[in-house]
Amino acid sequence: MRRGVVIGQLVRRTVGDLGFLVTTFFVALPGFIVCITLLVVGAGTIPAIVGFLLLTICLQAAGGFARVHRNLLAGRGFEIAQPSYPARTKGLRSRLRRLTHPQSWRELLHIVLVFVIGTATFPIAVVWCASGPVGILYAIFGIWIHNTDDGFGWLLGLPGRAAQMIVYVLLSLIVMGTAPYVLRGLVLAHAGIARALLHDEASQLREQVSQLATSRAAAGEAEAHTLRRLERDLHDGPQQRLVRLGMDISAAEWRIATDPVQARQMLRSALAQSQEALAEIRTLSRGIAPPILSEQGLRAAITALAARSTVPTTVDVDDVPLSDAAQNAAYFVTAEALANMAKHARASSCSVELRRAGAIAVITVTDDGIGGASAAKGHGLAGLSERLRGVDGTLAVHSPTGGPTHLTATIPLTSSVPNSAQRPVPSRP
């Protein structure tokens, strides 16, 4: 059974490789004719200015063929990234900018080489695939087609009809057995040329730099938002309590000589204020960078969040290798999701899961509340997307009216943003 599956896969791959080689040739032939014609005519008419326009059209046609060849190679399992061309705007100058793009000229060279290679690989593939079945058919029906002993077997010194049939069958079987590997080698030749000429490293690096800049900007915005929220919470909570604490102590100091009983009551009130302020500061510090996260890991930190939730919450967290910044982001997302659920969802149960799926970590927070949650601007979950973008992560919220709500966050195991750019403000001991 296993051998049959392998043979079936080999046959499908061979048929696909043959289709690729045939299609590539019949696409490269008109592409070569069009591009070379435009190149020659454009180069000859450069003094008349119109040649520059023809050369631009030539490079655009070569780029179109390169795009088709990339798609064909992708169908055979060879992925080659698309390059970034100069941005097009209105005006002739923008169109002529293609002439200064090195990748465009590499694509023109690519179509010439693919046509040359395709002219050789196309007949080799067709003949190799056809010669096996044709040889077997000739060995079977050759006795009625040819009656003299002057075939290939006779040249090898094996006279006789039976000997010739055996030779043809053996050669045909050898050709058929090697066809999958020969065709795969021809496809690899096309893939090698494409990778050498169509893989634009400069464009890929620019895209990576752009993604890195976006991630760093998102991380900086998320950190700034965290600082603003911390400042607001400190001002509205502990700072007000500390101001009242100072006033109570000052009043108790004035009354301690004249009204000791009232002074003691004021001091007891001041003590309560200090304890409440301390509790609020600890709560704020846990929301930024809880000590349990750095000391015991993400699983213990999420379990502690679930234990403090006012809604019964189950936790199922795998050990996932995440950087410090990614762990902070995962903790922050979970904390915000649980807080938003407790305030607005009217849920009776909730679950938190953290799983590894290939190269990403997937966090899922589900509740059976009334639904209606949204990550759009102005909603309670709005800041989570920016927080996740800082570690190249994504957020998806599915919360129809009536529930349930599913919040899914994904975080790559390796992020392109340095930890220093993502790490939130550390908590004070």
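Values in this document were obtained by computation on a predicted structure and should not be read as measured data. (Residues numbered from 1 in each chain as written. Predicted model: local features only at pLDDT ≥ 70, side-chain atom pairs only at ≥ 80, totals over all residues. Heavy atoms only, no water.)

Trainee: A description of the overall build of the protein chain should follow, citing residues and the corresponding values.
Mentor: Each helix and strand in the protein chain was counted, giving 14 helices and five strands. When contacts within the protein chain are restricted to residue pairs at least 6 apart in sequence, long-range pairs at least 24 apart make up 69% of them. Only carbon and sulfur atoms are counted for the fraction: they give 64% of the accessible area of the protein chain, which is about 23,900 Å². (Helix = DSSP H or I, 4+ residues; strand = E, 2+ residues; numbered from the N terminus. Contact = heavy atoms within 4.5 Å. Areas by Shrake-Rupley, 256 points an atom, 1.4 Å probe, with all protein chains shown as cover.)

Trainee: How would you sum up the nonpolar core? Please name residues and give values.
Mentor: With 35 residues, the main nonpolar core has Leu 298, Leu 322, Val 365 and Ile 411 as its most contacted residues. When residues of this core are traced back to their parent elements, those giving at least two are α11 (298–308), α12 (324–345), β2 (350–357), β3 (360–367), α13 (382–389) and β5 (405–412). No other element matches the 11 residues that α12 contributes to this core. Dropping the residues within four chain positions of it, Leu 322 is found in contact with Leu 298, Gln 327, Ala 361, Ile 411, Pro 412 and Leu 413. (Core = buried A, V, L, I, M, F, W, Y, C linked by side-chain atoms within 4.5 Å. Buried < 20%, exposed > 50% of the residue type's maximum accessible area, 1.4 Å probe, protein only.)

Trainee: Go over the packing of aromatic side chains with me, naming the residues and quoting the values.
Mentor: According to the stated counting rule, one finds four aromatic pairs in the structure shown. In textbook terms, an aromatic cluster arises when at least three aromatic residues are bridged by ring pairs, as seen for Phe 25, Phe 26 and Phe 122. (Phe/Tyr/Trp six-rings, centres within 6.5 Å; stacked < 30°, edge-to-face > 60°.)

Trainee: Lay out the sheet that holds β2 in plain terms, naming residues and giving numbers.
Mentor: In a beta sheet, neighbouring strands are held together by backbone hydrogen bonds and run either parallel or antiparallel to one another. Taken in spatial order, the five strands line up as β1-β2-β3-β5-β4 in an open sheet, and their pairing is mixed. Whereas interior strands pair on both sides, the edge strands pair on one side only; in this sheet they are β1 (313–317) and β4 (394–398). On average, each strand axis in the sheet is inclined to that of its neighbour by 10°, with strand direction left out of account. Pairing geometry for β3 and β5, over eight bridges, is antiparallel. Following the sheet pairing, Asp 367 is matched in β5 by Thr 405. Docked against the sheet, α11 engages β1 and β2, running at close to 175° with respect to β1. (Pairing = 2+ DSSP bridges. Axes fitted to C-alpha atoms, helices over the stretch in contact; angles between N-to-C directions.)

Trainee: Can you lay out the side chain of His 69 for me, pointing to particular residues and giving the numbers?
Mentor: Along the polypeptide, His 69 turns up in helix α2 (residues 50–75). Those residues within four positions of His 69 in sequence are excluded, and the remaining contacts are Phe 20, Thr 24, His 110, Val 114, His 190 and Ala 194.

Trainee: How would you explain the confidence of the model for the protein chain if you had to name every residue and give the values?
Mentor: When pLDDT is averaged along the protein chain, the result is 76; 73% of the residues meet or exceed 70. Between the elements of the protein chain, mean pLDDT differs from a low of 40, seen in helix α14 (residues 419–422), to a high of 89, seen in β3. Confidence over residues 415–429 falls short of pLDDT 50; this stretch has 39 contacts with residues more than four positions distant or in other chains. (pLDDT = per-residue confidence, 0-100.)

Trainee: Could you give an account of a nonpolar patch on the surface, with specific residues and numbers?
Mentor: Together, Ile 166, Leu 170, Leu 173 and Met 176 make up a nonpolar patch on the protein surface, roughly 380 Å² of accessible area in all. Following the sequence through the fold, Leu 170 ends up in helix α6 (residues 161–198). (Patch = residues over 30% accessible without salt bridge, like charges linked within 9 Å, V, L, I, M, F, W, Y side chains within 5 Å. Salt bridge = Lys/Arg side-chain N within 4 Å of Asp/Glu carboxyl O.)

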